[in-house]
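Single-letter residue listing:
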Amino acid sequence: MKITEALQSEHFVFHNIFDYLEQTVPNLQNLVEIKCLANLLESIHESHSRVEDSLIIEPLTHCLDNIAQAENFEAEHKEIDESLAGVAEATTVEEARHLLLRTVHWCRKHFDREERIIFPLAEEWLKDKNLTDLGEAWQRQRKTS
Ligand SMILES: [Fe+2]
Ligand SMILES: [Fe+2]
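The residue numbers shown here count from 1 along each chain, following its written sequence. To label them, take the chains in the order written and letter them from A, then take the ligands in the order written and number them from 1. Per-residue local features of the predicted model are confined to residues with pLDDT of at least 70, and side-chain atom pairs are confined, for both listing and counting, to 80 or more; whole-chain, interface and lining totals are unaffected and use all residues. Neither water nor hydrogens contribute to the side-chain values; these are computed over all heavy atoms in the structure.

Trainee: Whenever I open this one, the coordination of the iron ion (ligand 2) confuses me. Can you help?
Mentor: Think of it this way: four donors in a tetrahedron around the metal ideally sit 109.5 degrees apart, and six in an octahedron ideally sit 90 or 180 degrees apart. Donor selection uses N, O and S atoms within 2.8 Å of the metal (3.2 Å for Na, K and Ca). Since no water is included, sites may look incomplete. At 2.1 to 2.3 Å from the iron ion (ligand 2) lie its protein donor atoms, namely His-11 (NE2), His-48 (NE2), Glu-52 (OE), Glu-52 (OE) and Glu-114 (OE). Within one chain, the residues serving as donors to the iron ion (ligand 2) are arranged as H-x36-H-x3-E-x61-E. The distance between the iron ion (ligand 2) and the iron ion (ligand 1) is 5.3 Å. Of this pair, His-48 sits in helix H2 (residues 31–57) while Glu-114 sits in helix H5 (residues 93–125), and the two are 66 residues apart along the sequence. Using a 1.4 Å probe on the protein chains alone, a residue whose accessible area is under 20% of its type maximum counts as buried, one over 50% counts as exposed, and one in between counts as partly exposed. Judged by relative accessible area, which is 0%, His-48 ranks as buried. Strands are runs of DSSP state E lasting at least two residues, helices are runs of H or I lasting at least four, and both sets are numbered from the N terminus onward.

So, in structure tokens, the structure goes:
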């Protein structure tokens, strides 16, 4: 499997999770429940990002600098991290709800940019053999992480 296919599959699962959160969070009344969902999202997003950064972003760093996209990715990561940190510190249900939905909004933007820019760039710049080797590295990392 190519690394782009592997990561796109992970994205499909995230899109379902984002749909679920957008439907569910507005009706939640319990602060702890919202914080638990935020912790879950943070945990799975952190492991996805770690694998993605090491296997696809790093090999493409020079291309991203050339098309001036690196800063956008950094800025989106910052928005996601700050929103999640805000949920952890929120003292009211309204604040936690707002910040968790804000996190989902930035995640969607970020995932969309990866699908529109990063995955096609990888397909264009990395040879088929490299994409498959990286896909195997993804399998190994996913088994241990
Ligand atoms: Fe990312
Ligand atoms: Fe991703």
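Having seen the structure, we can now continue with the description.
Trainee: Sorry if this is basic, but what is going on with the packing of helix H1 (residues 3–24) against H2 here?
Mentor: Every axis in this analysis is a line fitted to C-alpha atoms, fitted for helices over the stretch in contact. Angles between the N-to-C directions lie between 0 and 180 degrees. Contact geometry for H1 and H2: axes closest at 12 Å, N-to-C directions at 160 degrees. Considering the angle they form, H1 stands roughly antiparallel to H2. Crossing of H1 against H2: the hand is left-handed. Where H1 abuts H2, its residues Ile-3, Thr-4, Leu-7, Glu-10, His-11, Phe-14, Ile-17, Phe-18 and Leu-21 lie against Leu-37, Leu-41, Ile-44, His-45, His-48, Glu-52, Leu-55 and Ile-56. Each residue is assigned to one class: nonpolar for Ala, Val, Leu, Ile, Met, Phe, Trp, Tyr, Cys and Pro, charged for Asp, Glu, Lys and Arg, and polar for all the others, Gly among them. Along the lines of polarity and charge, the residues of the contact of H1 with H2 split into 11 nonpolar, four polar and two charged. Throughout this description, any angle smaller than 35 degrees is read as roughly parallel, any larger than 145 degrees as roughly antiparallel, any in the 65 to 115 degree range as roughly perpendicular, and the remainder as oblique. Handedness of a crossing is defined here by the sense of rotation of the near helix relative to the far one, left-handed for an anticlockwise turn of less than a right angle and right-handed for a clockwise turn. Should any heavy atoms of two residues lie within 4.5 Å, those residues are considered in contact.

Trainee: What am I meant to see in the pattern of salt bridges here?
Mentor: It is possible for side chains of opposite charge to pair when their charged atoms get near one another. Salt bridges are counted wherever a side-chain nitrogen of Lys or Arg sits within 4 Å of a carboxyl oxygen of Asp or Glu. Under the criterion given, the structure shown has 10 salt bridges. Where Arg-108 meets Asp-19, a salt bridge forms, and the shortest distance between an N and an O atom there is 2.7 Å. Residue Arg-108 is located in helix H5, and its partner Asp-19 is located in helix H1; the two are separated by 89 residues in the primary sequence. Exposure remark for Arg-108: the relative accessible area of 24% places this residue in the partly exposed category. Two residues, Glu-22 and Arg-108, come together in a salt bridge whose shortest N-O distance is 2.9 Å. Of the two residues, Glu-22 is situated in helix H1 and Arg-108 in helix H5; the sequence distance between them amounts to 86 residues. The class for Glu-22 is partly exposed, based on a relative accessible area of 35%. Connected through shared salt-bridge partners, Asp-19, Glu-22 and Arg-108 make up one network.

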